[in-house]
Structures are given as C-alpha cells and as structure tokens.
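# Notes for the structure review
One letter stands for each residue in the lines below.
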Amino acid sequence: MAAIRETFFQECEEQLAELEAGLILMESGAAEAETVNAVFRAVHSIKGGAGIFALDALVRFAHVFETALDQVRSGTLATGPGVMNLLLRAADVLADLVRAARDNGAVDETRTAALVVEFTQVSNLGHELPPAPKSQPTVCAPVPAWHISFTPTPALYAKANETALLLRELRRLGPIEATVDTTHLPELSEMDPEGAYLTWNITLEADCAEQAIRNVFEFVEDDCHLEIAAATPAEPSLKPGDIITGDNGFSFEFFPPPVFDEEEPPAVPEPEHHAPPPAPVAKQNPVEAMAAKAESAAAVSATIRVDLDRVDRMIDLVGELVINEAMLSQRVLEAGIARASGVAMALEELEHLTREIQDSVMAIRAQPVRSVFQRMPRLVREVAAQTGKQARLVTEGEGTEVDKTVIERIADPLTHMIRNAIDHGLESPEKRLAAGKPAEGLVRLTALHRSGRIVLEVSDDGAGINRARVKEKAIENGLISPDATLTDDEIDNLIFLPGFSTASTVSDISGRGVGMDVVRQSVAALGGRISISSRPGHGSTFTLSLPLTLAVLDGMVISARGHTLIIPLGAIVETLKPKAADVFPLDGEINVIRLRGGYVPMVDVAASLGYSDEFVEPDQSVALLVEGEGGVRAVLLADAIHGQRQVVIKSLEANYRAVPGIAAATVMGDGRVALILDVDAVVKTTRSELSRPEPSVLEAH
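Residues numbered from 1 in each chain as written. Predicted model: local features only at pLDDT ≥ 70, side-chain atom pairs only at ≥ 80, totals over all residues. Heavy atoms only, no water.

This part covers the sheet that holds strand β18 (residues 590–595). Spatial strand order, β16-β20-β21-β19-β18-β17: six strands in an open sheet with mixed pairing. The two strands at the open ends of the sheet, each matched to only one other strand, are β16 (572–576) and β17 (583–586). In this sheet, adjacent strand axes meet at a mean angle of 35° when their direction is disregarded. (Pairing = 2+ DSSP bridges. Helix = DSSP H or I, 4+ residues; strand = E, 2+ residues; numbered from the N terminus. Axes fitted to C-alpha atoms, helices over the stretch in contact; angles between N-to-C directions.)

Within this structure, the stated rule accounts for 32 salt bridges. Among the ionic pairs, Glu-398 bridges to Arg-370, the shortest N-O distance being 3.9 Å. Taken together, the residues Glu-398 in the loop between β8 (391–396) and β9 (401–403) and Arg-370 in helix α12 (residues 370–373) connect sequence positions 28 residues apart. Overall, Glu-398 belongs to the partly exposed group, its relative accessible area being 26%. Each of Asp-70, Arg-73, Arg-168, Glu-169 and Arg-172 takes part in one network of salt bridges that share partners. (Salt bridge = Lys/Arg side-chain N within 4 Å of Asp/Glu carboxyl O. Buried < 20%, exposed > 50% of the residue type's maximum accessible area, 1.4 Å probe, protein only.)

If you walk through the whole model with that rule in mind, you get seven aromatic pairs. Arranged with centres 5.5 Å apart and planes meeting at 35°, the rings of Phe-8 and Phe-53 form a pair that is tilted. Within this pair, whereas Phe-8 is found in helix α1 (residues 2–28), its partner Phe-53 is found in the loop between α2 (33–52) and α3 (56–74), the two being separated by 45 residues in sequence. Given a relative accessible area of 8%, Phe-8 falls into the buried group. Grouped by ring-pair contacts, the aromatic residues Phe-8, Phe-9 and Phe-53 constitute a single cluster. Positioned over the ring face of Phe-40 is Arg-73, at 4.1 Å from the centre of the ring. (Phe/Tyr/Trp six-rings, centres within 6.5 Å; stacked < 30°, edge-to-face > 60°. Lys NZ or Arg CZ within 6 Å of the ring centre and 35° of its normal.)

When the terminal C-alpha atoms of α3 are compared, their 27 Å separation across 19 residues agrees well with the 27 Å that a helix rising 1.5 Å per residue should span. Where α3 is concerned, the buried positions are Leu-58, Phe-61, Ala-62, Phe-65, Glu-66, Ala-68, Leu-69, Asp-70, Gln-71 and Val-72. Residue Gly-75 follows α3 closely and has a positive phi angle near 90°. (Expected span 1.5 Å × (residues − 1).)

Per-chain confidence: the protein averages 77 in pLDDT, with 81% of residues scoring 70 or above. Summarising per-element confidence for the protein, the mean pLDDT is lowest in strand β6 (residues 251–253) (45) and highest in helix α15 (residues 429–434) (92). For residues 693–701, every residue scores under 50 in pLDDT, and the model assigns this stretch 16 contacts once sequence neighbours within four places are set aside. (pLDDT = per-residue confidence, 0-100. Contact = heavy atoms within 4.5 Å.)

This brings us to the packing of α2 against α3. Running from N to C, α2 and α3 point in directions that differ by 160°, and their axes come no closer than 9 Å. One way to sum up the angle between α2 and α3 is to call them roughly antiparallel. You can see that α2 and α3 cross each other, and the crossing is left-handed. Between α2 and α3, the contacting residues are Val-36, Asn-37, Val-39, Phe-40, Val-43, His-44, Ile-46, Lys-47, Ala-50 and Gly-51 on the first element and Leu-58, Val-59, Ala-62, His-63, Phe-65, Glu-66, Leu-69, Asp-70, Val-72 and Arg-73 on the second. Among the residues making up the contact of α2 with α3, the classes are represented as 12 nonpolar, four polar and four charged. (Parallel < 35°, antiparallel > 145°, perpendicular 65-115°, else oblique. Left-handed = near helix turned anticlockwise from the far one by under 90°. Nonpolar A, V, L, I, M, F, W, Y, C, P; charged D, E, K, R; others polar.)

A cluster of nonpolar side chains, Met-1, Ile-4 and Ile-52, forms an exposed patch at the surface whose accessible area comes to about 330 Å². Tracing the backbone through its elements, the reader meets Ile-4 in helix α1. (Patch = residues over 30% accessible without salt bridge, like charges linked within 9 Å, V, L, I, M, F, W, Y side chains within 5 Å. Areas by Shrake-Rupley, 256 points an atom, 1.4 Å probe, with all protein chains shown as cover.)

Before going further, it helps to spend a moment on the environment of Ile-567. Counting through the fold element by element, Ile-567 comes out in strand β15 (residues 563–568). Accessibility expressed as a relative area gives 0% for Ile-567, which makes it buried. As for Ile-567 and Leu-553, which are separated by 14 residues in sequence, their C-alpha atoms are 9.8 Å apart.

The tendency in soluble globular proteins is for nonpolar side chains to be buried as a group. Judged by nonpolar contacts, the single largest core of 47 residues is most densely connected at Leu-414, Met-417 and Leu-456. Per-element tally for this core: the top contributor is helix α14 (residues 404–425), with nine residues. Leaving out residues up to four positions away in the same chain, Leu-414 has contacts with Val-372, Phe-373, Met-376, Leu-445, Leu-456 and Val-458. By size, the runner-up hydrophobic cluster in this structure holds 41 residues, among which are Phe-9, Ile-24, Ala-62 and Phe-65. (Core = buried A, V, L, I, M, F, W, Y, C linked by side-chain atoms within 4.5 Å.)

As structure tokens, then:
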C-alpha cells in the first residue's frame, strides 16, 4: 500500500497541473467542452484515490469542488470572473490538501471552510438561474428511448468508481429502468473478490443525443464495455380529429401529416454534407468484449513509473562507461595497434554502442518544458491583478525537451523574470495608450534548442530598461562609483547585483533588492548564463542559455601551453589556420582576424586563463571560430587540436570552486582531469574589453 500511495501522490501532481492549465483556459474563454471535462476528471480522480486511503479532508473538499464543476459542465453555473476566481483559489487549496496528506502536514482549515461556504452560495445561486423557456408541445411525438448495455471491468472498481453513481447520473437525463444480468456470475468458491461479473441493461427515456449518454460514462469508458442504441419509436395512437391539450392549456385538433405519392416525393433541401450511415454493430458477448478491449489497450504505448534515483544511478554508470571506453581507446592508441585490426574495429563498435546507450538513457530523463510553462499563465494573471496592469502571456516551444534536473530548477528563475517583466517592464494601461500601444501588455515565453543548448527567452513589449534610473540607483546604493563610465550592456547588468532594486516602495512583488541576483545564481549553478537586450520604449528580452543535459557533452579536445581543455562542440563553427596577412592588432594586446569580409576578435586561450603571460603568435597556432550567446563570435587560439571526444561533465564548483572562464571539468582517457571551457564567458569578456571606453571603469563592491 505504501508503494500505491506514493504512486497516487505522483499522479495527483499531474492531475493538479492539468487542473490549473484547464482553469486558465476556461478563464481566458478559449476552453472547449473537453477542457471542462478534463478539469472535472482531474478533481474526480483525486477524490477517488483519496477515498481509497481514507483522506477524509481531501475527499470532502474535492467533492464540493467536483459538484461545482459538474454544474459548470451542465451549464447551470456560469463561469463569470467571480466563479473563475473561486475555482482557481479552490485549485490552490486542493493542492495544499494533497501535499498536506502526502507529508502528514496541516492546512488552514479556516480557509478551506470559507471556500466551502462560497461554493455553497455560488451553487445555490446557479440553481436559481431562470429556467429555459418551454418549447411548444410536439404533436404526436413519440417518447424517445435508448437501450444501454453496461459491463464494468475490475479496473473500474479499482479506481473507486461505482455503478450506482453512474445510474444516478443517467437519471438526470430522464427516467430509467435497469436490470442486472448475472449470467457470468461464478460460484462463490470461484469468485475473485476484485473481479467484475455483472452487466446492466438500462432503458432510458430521454430526448437527448447519444453523446449526452456517453458523457455520463466518459470517466470510465476505458474500464467498461458500453453499448448504446436508440429504441424504435412507437407509432402514434392519435386519430384525425382528436383533441390535444398542451401543457400551456391550449387545445387544438390533430391532423395526420400528408401522404405523398411515391412517384412524386416532396422536395427536400439537400444537406451540404452527407454523413455515412453507421455500420451495424453486432451484439458481442460481454466477456469477449472485455478481452478485445484489453487486447486493444495493450496495443497502446505503455508507460511505467521508475524511481528517479534509479535513473540517476544508471546515468552515473553510463558516465563511468564513457570514461572507461575513452581509457580503453587511449591504451589502444598508445599500443600502436593498427586501425584496421580486429581490436580497433571492435573498439569502434563499442564506442558506437556506448553512444547509443548514453542517448537512450538521457532520453529517459528528457522532459518537455511544458510542465513549467503551464504554471506561468496563472502567475501572469495574479501579478497583473496586483499591479493594476493588463498582461497577456504567449508561450512558444512548449514541446522543447531538456533534462529533468534542468526542468526542476528553472521554474524559480522564470517566475522571477516574469514577475519583473510585468512589474517593472510593462507600463500601466494609461501610459501604454498614451504611447500608442494597446492597453494590454504582452509577455512572451519561448524555448528552443540552439547550438546544443536550450535557450529560454522572456520578453515584454514594455518601456524597456530606464538606464539613467538604473545607474542613479546603483550610485545611490553604493554599488558603483559616481564617476564610473559604463556601456549600455554594463548598465543593464547592474540589475543582477545583490541588493539592487529600482522600486520606490516595498511590495509583495518587488522592492526588497532580491530577485534578479538569485536568478543569475540559479542559472549559473546549472552551468548556464543570462543576458539582457533592451530597447527604450519597445521592451526587454532576458535570455537564459542552459545545457541540455548535466551529464555528458560532445567536445573538441585542444591543448594550450601544456594544458588539456575541452571546447563544447556545439559552440564551434569551424577550425582554421590563421595567416599573418589576415591578422591586425587592435587596442594593444587584442588582435582581430579578417574573415569573409568581416573582422572577428582573437582570444589566446592560455593567456585568458592565466596559463601564460606571453601571447602566442596567431600564425603559429590553430584557431577555432566559436559562437557565443546572441550569435557573437570570436576566434580561440590554441597550440593543437586532438580530436573530438564525448566527455562526462563533473561540476567544478561543487568539487572545488567557481573558476572564471571554466564551465566544468571531466576525466580524460588517460585519467587526467581536463577543464571544459566556458565559451560564452570568454567571448563576452573579449567583447566587453573591445567596447569598454577605458579600462577598469566599473568598480563594483
């Protein structure tokens, strides 16, 4: 039961995410009927599972919540702003109750009770809506009827569903007559306590569509065998001249419909679309039907739940396998074994298999960023309401996959950035209208793959960064000296300094000097970085660049002054051999190289990392053209290139300390430790030196 309980709470998290996403769609007015049904199913599933484990508080609140959603489904409760606000708050309370039940914690019972009262008031109000006007009585119309055959499977009862509840729902459509078929009921000694042997045959008298009946069974449709057929209408018993009295008290005389000659049928408008007649459905034995259903279900892609620690352990073992494969390759190379030999060919095959294993294992941990993106519409709604602004969120690239660890740790940075985009970026509706903009501001959240990394962008169409205000506040807070001369990029990056805030007052959203510095630290801890692009009057864009995985990467092995370094392969555009005629000095110790009609700065890797005080001659080196964040390029100079290698990433910060210009470390085939170059940091440092008016102008405390 402990294992089942753990699985239940895992499923609850998925149901809660689906619940919130559906409620946001309902609030925006973009929800379809299936979305409302999905929201209802989420609460219903949580309630059913909670009942198994006797989580009474959770069951009671979920039942109240479910009742209100059922009224929304049936149209007796309108989803106005007040009702949607109540439903969203109820989703929060439901989440708190789930987590309290999981962790044996406590919840605010006053808050829960207050919501129950609100639900009661809203539900009563919903029932008092004026009834739909009665239609005029249809002369000689037979009473419609449906025949329903319903055979549950054991899975239906295992999920805490009950046949009695389904019959009760059917009665809401009209009068029913139900009989039970016990033909397949075994002897008591042969009966499985968790089995299902009964079939219900139901006659429903209701003027409704077949889909309305199927909606009653939609939550158990995969756990039962269901047949629905329309009953043959009865012939009218009225004769010409009979007097009919309607519900409204009016009486009129009955006349039969005219009969047309078969050779001259009445003109009937041709429908625009023809639906093919339904194929006749053969009556099937319930047991055979359940077997067929189980067979078809088995054909669907199956999934299993695996403890994340087991997956992490597997990834660690794959990392060790990669290292040992590299060591074996190194030994074969040192032994001088020919590439055409059987040993070398077997080793090459082992390398391919190792790569496939690594890709397969990493794919297990890969998840779409959708789970994080789904939380953000609610955040935008709440922050906009708190600030008195109008904001709309647009998301792109929700299917972009990334390592689960990255997924779990980017939620907080994205939350901070979206809050800042609304609070600091977007103007008030009045100011936006005065500036010729729509009153509603736009916040865009985008995910995409670029150069072997995942890039997340948070942009807005607000006023952009007020650089004069930012610099003024930085001087006021003692973060920079008053005579500092800064570039636009340096001013923009001041917002990442600890303790920096331009807010004039402290609120629940901002003003305490924490937030963006936390974002930068969180991103750096993932081996990523954050950059800013802002245009006054047009908005700002914050770009997060993160590794797709925290386990392995493909890199180019280079040497610089006797040190072995790894450059991520995704950052390398090409390799080249510089010519002296193409190299030009610029700003003292910085050189640029002429490349395809343009000029690219050159970086001596050894000198930039402090391995040597002497700069290498460009024409005596090998060069690698690399591209950093935002498409910025530089040429890295090294002593030699030793080939491509898949390496296992080891955190340098966790095992030693953060080193500027170094992203991580790895173990090479000969057992030595090699450093993985932080290409973006090196390129950014070089560009800053080129754009800086004078050296050492930024004096940050």
